[in-house]
Amino acid sequence: MTSIEEHKVVETELIKTDVSIPSSSKKYYYCKHLAWQMEPTTEVVYILDKKVNKMFLLEDSSKDIWLSFSKDRTYKQVLQNISEIYNCNITEIKYLVDNFVLELLDNGLIYEL
């Protein structure tokens with residue numbers, strides 16, 4: 001069985017803000033100042049934050065979470081999608097996904113509506 005691991009955004013310093021735990025009904029979108037792509041051979045996602053000229057690298061579960069947002073899903077649907085990919089219960093992964101989403105928000109890579 002594949003397991004989900006905590007993967008952090010690479011090459012960045014985390015900035016702590018007063019962002020609350022993601023709400024299951026919220027939708028998250030990519031910020032407009034980003035350029036990103038998935039490398040076809042390795043399936044690694046590269047993100048360039050054009051505002052601060054910083055590159056981020058996402059692999060494994062972090063990549064899967066990032067790609068889940070591209071399908072215009074609610075946070076609850078993203079959790080469901082990740083639990084299906086990794087064949088595990090939502091309660092097993094919610095803490096890790098919450099932390100990763102908060103990290104994306106803290107770094108200005110996504111925003112919520």
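Coordinates for the structure precede this section.
Below is a summary of the structure that appears in this document. (Residues numbered from 1 in each chain as written. Predicted model: local features only at pLDDT ≥ 70, side-chain atom pairs only at ≥ 80, totals over all residues. Heavy atoms only, no water.)

Thoughts on the packing of aromatic side chains
And then number 1: Counted under the stated rule, the structure contains six aromatic pairs.
And then number 2: Between Tyr-29 and Tyr-111, the ring centres sit 5.8 Å apart and the planes meet at 35°, which makes this aromatic pair tilted. Of the two residues, Tyr-29 is situated in strand β1 (residues 28-30) and Tyr-111 in strand β5 (residues 110-112); the sequence distance between them amounts to 82 residues.
And then number 3: Classification of Tyr-29 by relative accessible area gives partly exposed; the value is 25%.
And then number 4: Judged by centre distance (5.7 Å) and plane angle (90°), the ring pair of Trp-36 and Trp-66 falls under edge-to-face. (Phe/Tyr/Trp six-rings, centres within 6.5 Å; stacked < 30°, edge-to-face > 60°. Helix = DSSP H or I, 4+ residues; strand = E, 2+ residues; numbered from the N terminus. Buried < 20%, exposed > 50% of the residue type's maximum accessible area, 1.4 Å probe, protein only.)

Side note on the nonpolar core
And then number 1: By size, the foremost hydrophobic cluster in this structure holds 27 residues, and its most contacted members are Ile-47, Ile-65, Trp-66, Phe-69, Val-97, Val-101 and Ile-110.
And then number 2: For this core, the secondary structure elements donating two or more residues are β1, β3 (45-49), β4 (54-58), α1 (60-69), α2 (75-85) and α3 (90-106).
And then number 3: Here this core takes seven residues from α3, the largest share from any one element. (Core = buried A, V, L, I, M, F, W, Y, C linked by side-chain atoms within 4.5 Å.)

Looking at the pairing of β3
And then number 1: Side chains Val-45, Ile-47 and Asp-49 project from β3 onto a buried face, and the interleaved Tyr-46 and Leu-48 project onto a face without burial.
And then number 2: Sheet topology places strand β2 (residues 34-38) next to β3; five bridges connect them, and they run antiparallel. Across the sheet, the residue bridging to Leu-34 is Asp-49, located in β3.
And then number 3: Counted between consecutive antiparallel strands, the loop separating β2 from β3 contains six residues, among which Glu-43 sits at a positive phi close to 60°.
And then number 4: Bridge count for β3 against β4 is five bridges, and the pairing is antiparallel. (Pairing = 2+ DSSP bridges.)

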